[in-house]
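These are the residues of each chain, in order.
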Amino acid sequence: MTGSPPAYDRASDTLPLALRGRLRETCGHAMTPTPPGPIRLLINGQVHDLACEGEMPLVWALREVLGLTGTKFGCGAGQCGACTVHIDGRAVRSCSIRLDDVHGPVTTIEGLEGPVAGRLFDAWDSLQVAQCGYCQPGQVMSAAALLADNARPDDAAIDAAMAGNLCRCATYLRIRAAIHRAATA
Amino acid sequence: MSGLHLARRGFLVMSSTGLLLGTRTLAAATPAAPSRKAAFTQRFLEIAPDGTVTVFAKHLDMGQGIWSGLAAIVAEELGARWNQVRVVGAPARMPDYAHTVFGSQTTGGSTSIANSWDQLRAAGATARAMLAAAAAARWQVPAASVSIADGMVTSGARSASLGRFAAAAARLPVPGNVPLKDPAQFTIVGQRRPRLDLPDKVRGRTGYGLDTNWPGIKALVVLHPPRFGATLIDHDPTAALALPGVLAVEPIPTGLAVIGETTWHALRGRAALVATWDETTAETRSTAAIMAAFKAQMAGEPPTAETRSGDAATVLEADGSVIEAQFEFPYLAHVPIEPLSVAGRLSGGRCVLRSGFQSQTSNQANAARILGLPVEAVELETVPAGGSFGRRADFGPDWFDELVYALKATDGRWPLRLMWSRDDDIAGGHYRPMTLQRLRAVLDEDGAIAAFDQSIVGQPCFPLPAGAPKPKEPSIGVTIGHFADQYACQASRLAWWYPEVGVAPHTYRAISNNHNGIAKEIFVDRLARAAGVDPVAYRLSLLGHEPRQQGVLRLVAEKAGWDRPLAPGLHRGVAVHRADDSHVAQVVEISGTPEHFRIERVVCAIDCGLVIDPDTVLSQAEGCIGFGLSSALYQEITMDASGLVEQSNFHDYRILRMPQMPRRIEVHIMPSAARPTGVGEPPSVPVAAALVNALEAMGAPPVTRFPLIRKGVA
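Calculation notes
Residues numbered from 1 in each chain as written. Chains lettered and ligands numbered in written order. Predicted model: local features only at pLDDT ≥ 70, side-chain atom pairs only at ≥ 80, totals over all residues. Heavy atoms only, no water. Helix = DSSP H or I, 4+ residues; strand = E, 2+ residues; numbered from the N terminus. Rg over C-alpha atoms; globule rule 2.2 N^0.38 Å. Buried < 20%, exposed > 50% of the residue type's maximum accessible area, 1.4 Å probe, protein only. Contact = heavy atoms within 4.5 Å. Areas by Shrake-Rupley, 256 points an atom, 1.4 Å probe, with all protein chains shown as cover. Pairing = 2+ DSSP bridges. Axes fitted to C-alpha atoms, helices over the stretch in contact; angles between N-to-C directions. pLDDT = per-residue confidence, 0-100. Right-handed = clockwise from strand over helix to strand, strands pointing away. Buried area = accessible area lost by both parts, 1.4 Å probe. Salt bridge = Lys/Arg side-chain N within 4 Å of Asp/Glu carboxyl O. Polar contact = N/O pair within 3.5 Å; in protein donor to acceptor, adjacent residues only side chain to side chain. Nonpolar A, V, L, I, M, F, W, Y, C, P; charged D, E, K, R; others polar.

Visitor: Quick question: what am I supposed to make of the overall build of chain B here?
Guide: Broken down by element type, chain B carries 17 helices and 27 strands. A compact globule built from 714 residues would reach a C-alpha radius of gyration of about 27 Å, and chain B, at 27 Å, matches this within 12%. Once the C-alpha set of chain B is aligned to its principal axes, its extents read approximately 85 × 70 × 50 Å. Considering chain B as a whole, with its 714 residues, one finds that 63% of them fall into the buried category. Contacts in chain B between residues at least 24 apart in sequence constitute 75% of all its contacts with a sequence separation of at least 6. Roughly 24700 Å² of accessible area belongs to chain B as shown, and the carbon and sulfur atoms make up 53% of that amount.

Below is the structure:
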């Protein structure tokens, strides 16, 4: 097992300056909306022409316009990672990117495939990682992006890559074990 | 294992293409039908001709693996294959699916397995007997020669799928008092089995409440007042309605409902609303002021209610060496990752609601009342919830009602799906109550507790109904898990002050165990130090009447190597607790300094009776430890000097992230043949106390409040 145990600092636990204050939805609440689309996106290999406003965050287009509910909504502020998709293979929080800023093919959990994805799903199944399961598609998407970048990550690299994905059921130890298993399969 | 205790009522055969067993009961009066005396039937178990076995689960799966556990129980007794059993959520029908303890259809208190254990075992065994009898009749062989295993019915050289005899079995009389399987013969219960629901969840195929996308559905969000208890005076929807995609704005009792084409359109519309609020009866105090009021109430007023055993007061007043501790526990929000959500549609005098319901009959009754419909006209589709931790239980006006009010206000024009955004959730009340605890004890010359006093100020987590008279007994929403209920005290008093606070309380994982248990375990450690006795040995000496707590304490001490000295730089703390009839002990080992420490290892021992699936126990224990550490380390809901909640999202209401999760968690299950008891809540209790005990052993000043890490400002 690599990596040192987590450290907790009681003396001062500081919030980054940029995050102080109320953090509401990063919804792009433009008061003068732009006329809707068409916005052309490539999602899971399929072209979609969306009659949506450019400010709409990608997560809502996926879930409520296209009905792809595998990508979950959890916080709307880029804090929980439940909405993670791939854009051009990179992990992106779809709640925090507007449709008109999406450039590149989008992959959601429904379209995640290939040998690495297969090993991740197998590892998640055999280690019985999930509890309520709601955050897990986002966890798998982040893990897949990590393994695409780093085929044999150590604990520290996994922690860093996965720190943006919250799990309220705290299945973290199994998530990490599943990533190791998928990496070395 | 005790013999079969058949339900007071036997099983009956209900209409089906195969064999459908249910039970029939005369209805007790219900809140929705006070004078009704009808008979209700409830489906328990169905075997279809194609061999599919369906268990009707009255409990909610919110991540604790309940549905798979219930399926295992049935498969075991029936002789089915593990993978031919499927679980569906039972429709809400009170008192059909009445929880045998709560008396309504609800899930909570880690009671699901214990509650269904007898009923489903009996249903499985009864169906097995009837299928065997049908096979015996068809094959003209003695019934005793028929066996059922792995989904196949066999007699000598003949075998067939158990579905083959389902229809024939349905025509036979239902036997009573069918013997149950000897646990020593179990091949499914007690084995690690893959949970049926997980592959779909991981692949994003499972539909949670928020995923409901019925044709024509529109999105609903609600503008709430900024302070608890404020009401709407006036509003201007013009700017909101002018925005594309905003369909309607309607006042409802809790604020303003905004309906949009998508949730994003609705949120954007909500941000454009202008509203004025009447705050004359709102809660405008800060949480600091509320806690100060708690202290004044405890010091200056007689308790609302108290219970006494012997005369502790005299000893405490007379003895000069009273050991005393005080703890402040903050409001906590549950923050399940799936936002609170419910979908509904209303047409032709019928209403369908869809969500991860946790209090089905209550939700159903409330919806019927709001809509002016008979209860039978409201249908609930229960789907898995993306976590609950107690939040989705229903105690009075809450998000479900808002959806129903919106359907009513729009005459059911559109199917609607309501979502509380993350800041709605965090600032929305329904918290684990803020609680002030004072514990006092006098020890005798042997270190035993001669007198003990526990004083608690806090709202009960089961909210009192509006206008209810002040309680005369300490509420179980405050007292479960208290000190003198578990440790031997020669004399004790439990006093409770009920505070008037305009913040809605709610059940939270482990309910009042999550402050009583922590206060108890920190205090008993200080008593051990005062008595000069090892913390494990001291607890054992006070738990003579609780052998199962002694058992897990000894097990955790053995596995943690408690009797061996620690490596230099390491310190450790222990805690033990009984919750929901399960028993959990934990040891936390830390390194570093009190101000900058690392958790090196957590060792956990759990006795939850007969284990249905050991992997569920392991995963729940790990998850509970992470959950308990999140609140111990980071979490508090605070209100500023004007009563505004200061937290709004996961940046300032924090959950443990992967880098903060202890790396080594070792879970040991006590072998037991006792009745199965829950694991979803009890392991979340001791870890905070064990950590504090380790910190205090390391030399930290006595802890008086949570969270341990307070928000700082750069």
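Here the narrative resumes.
Visitor: In this structure, what is going on with helix α6 (residues 263-271) of chain B? I would like to understand it.
Guide: Along an α-helix, residues three or four positions apart point the same way, because every turn accommodates 3.6 residues. Burial analysis of α6 of chain B places 8 of its 9 residues in the buried class, which makes it a mostly covered element. Taken together, the buried positions of α6 of chain B are occupied by T263, W264, H265, A266, L267, R268, G269 and R270 of chain B.

Visitor: Would you mind going over the sheet that holds strand β8 (residues 158-161) of chain B with me for this structure?
Guide: Within a sheet, neighbouring strands are paired by backbone hydrogen bonds and run either parallel or antiparallel to one another. Residues and elements named next belong to chain B. Reading across from one edge, β6-β7-β8 is the order of the 3 strands in this open sheet, with antiparallel pairing throughout. Whereas interior strands pair on both sides, the edge strands pair on one side only; in this sheet they are β6 (147-149) and β8. Taken over all neighbouring pairs, the strand axes of this sheet differ in orientation by 25° on average, direction set aside. Pairing of strand β7 (residues 152-155) with β8 involves 4 bridges; the strand directions are antiparallel. Bridging across to β8, T154 finds its partner in S159.

Visitor: What's the story with the confidence of the model for chain A in this structure? I'm lost.
Guide: Detailed reading of the predicted model is not advised wherever pLDDT is low. Looking at chain A as a whole, its pLDDT mean stands at 88, while 83% of the residues score no less than 70. Within the model, the stretch residues 12-21 of chain A combines pLDDT values under 50 with 22 contacts to residues more than four positions away or in other chains.

Visitor: Even after reading the chapter, I still don't get the sheet that holds strand β22 (residues 492-497) of chain B, so can you show me in this structure?
Guide: Residue and element names in this part refer to chain B. Across the sheet, 5 strands lie side by side as β14-β22-β21-β20-β15; this open sheet has mixed pairing. Both edges of this open sheet fall to β14 (305-309) and β15 (323-329), since each of them pairs with a single strand only. The average undirected angle you get between the axes of adjacent strands in this sheet is 10°. Pairing analysis gives 9 bridges linking strand β20 (residues 435-443) to strand β21 (residues 449-458), with the strands arranged antiparallel. From the neighbouring strand, L436 faces β21, where its bridge partner is V457.

Visitor: Would you explain the pairing of strand β17 (residues 350-355) of chain B in this entry?
Guide: Here is the key point about a regular strand: its side chains alternate between the two faces of the sheet. Residues and elements named next belong to chain B. Counting buried positions along β17 yields 5 of 6 residues, so the element is predominantly enclosed. Sheet analysis places β17 next to strand β18 (residues 378-382), joined by 5 bridges and oriented parallel. Opposite V352, over in β18, you have E379 as the bridge partner. Between β17 and its parallel partner β18, the chain crosses via helix α9 (residues 360-371), and the hand of that crossover is right-handed.

Visitor: Sorry if this is basic, but what is going on with the interface of chain B and chain A here?
Guide: Interfaces are often sized by the accessible area lost when the parts come together. Taken residue by residue, the interface counts 95 residues in chain B and 78 residues in chain A. In total, about 7500 Å² of surface goes out of reach between chain B and chain A, with carbon and sulfur atoms giving 56% of it. Here chain B and chain A share 9 salt bridges between them. Across the pair D159 of chain A and R663 of chain B runs a salt bridge, and its minimum N-O distance is 2.6 Å. Connecting chain B to chain A are 25 residue pairs in polar contact (both at pLDDT 80 or more). Elements with a contribution of two residues or more to the side of chain B that touches chain A: α4 (198-202), α6, β19 (416-419), α11 (422-426), β25 (596-607), α16 (614-633) and β27 (711-713) of chain B. With 10 residues, the single largest contributor to the side of chain B that touches chain A is α16 of chain B. Residue classes in the side of chain B that touches chain A are distributed as 47 nonpolar, 24 polar and 24 charged.

Visitor: What exactly am I supposed to notice about the pairing of strand β9 (residues 218-223) of chain B here?
Guide: All names here are of chain B. Taking burial as the measure, the 6 residues of β9 include 6 buried ones, the bulk of the element. Both faces of β9 are covered, namely the face carrying K218, L220 and V222 and the face carrying A219, V221 and L223. As defined by bridge partners, β9 adjoins β19 across 3 bridges and the pair is classed as parallel. Within β19, the position partnered with K218 by the bridge is L416. Of the strand pairs in this sheet, β9 and strand β12 (residues 255-260) are connected by 5 bridges, and their pairing is antiparallel.

Visitor: Please explain the confidence of the model for chain B as it appears in this structure.
Guide: All names here are of chain B. Per-residue confidence for chain B gives a mean pLDDT of 91, with 91% of residues at or over 70. In the predicted structure, residues 1-8 sits below a pLDDT of 50 and forms 13 contacts with residues beyond four places in sequence or in another chain. The model gives residues 94-98 a pLDDT under 50, and that stretch makes 24 contacts with residues more than four places away or in other chains.

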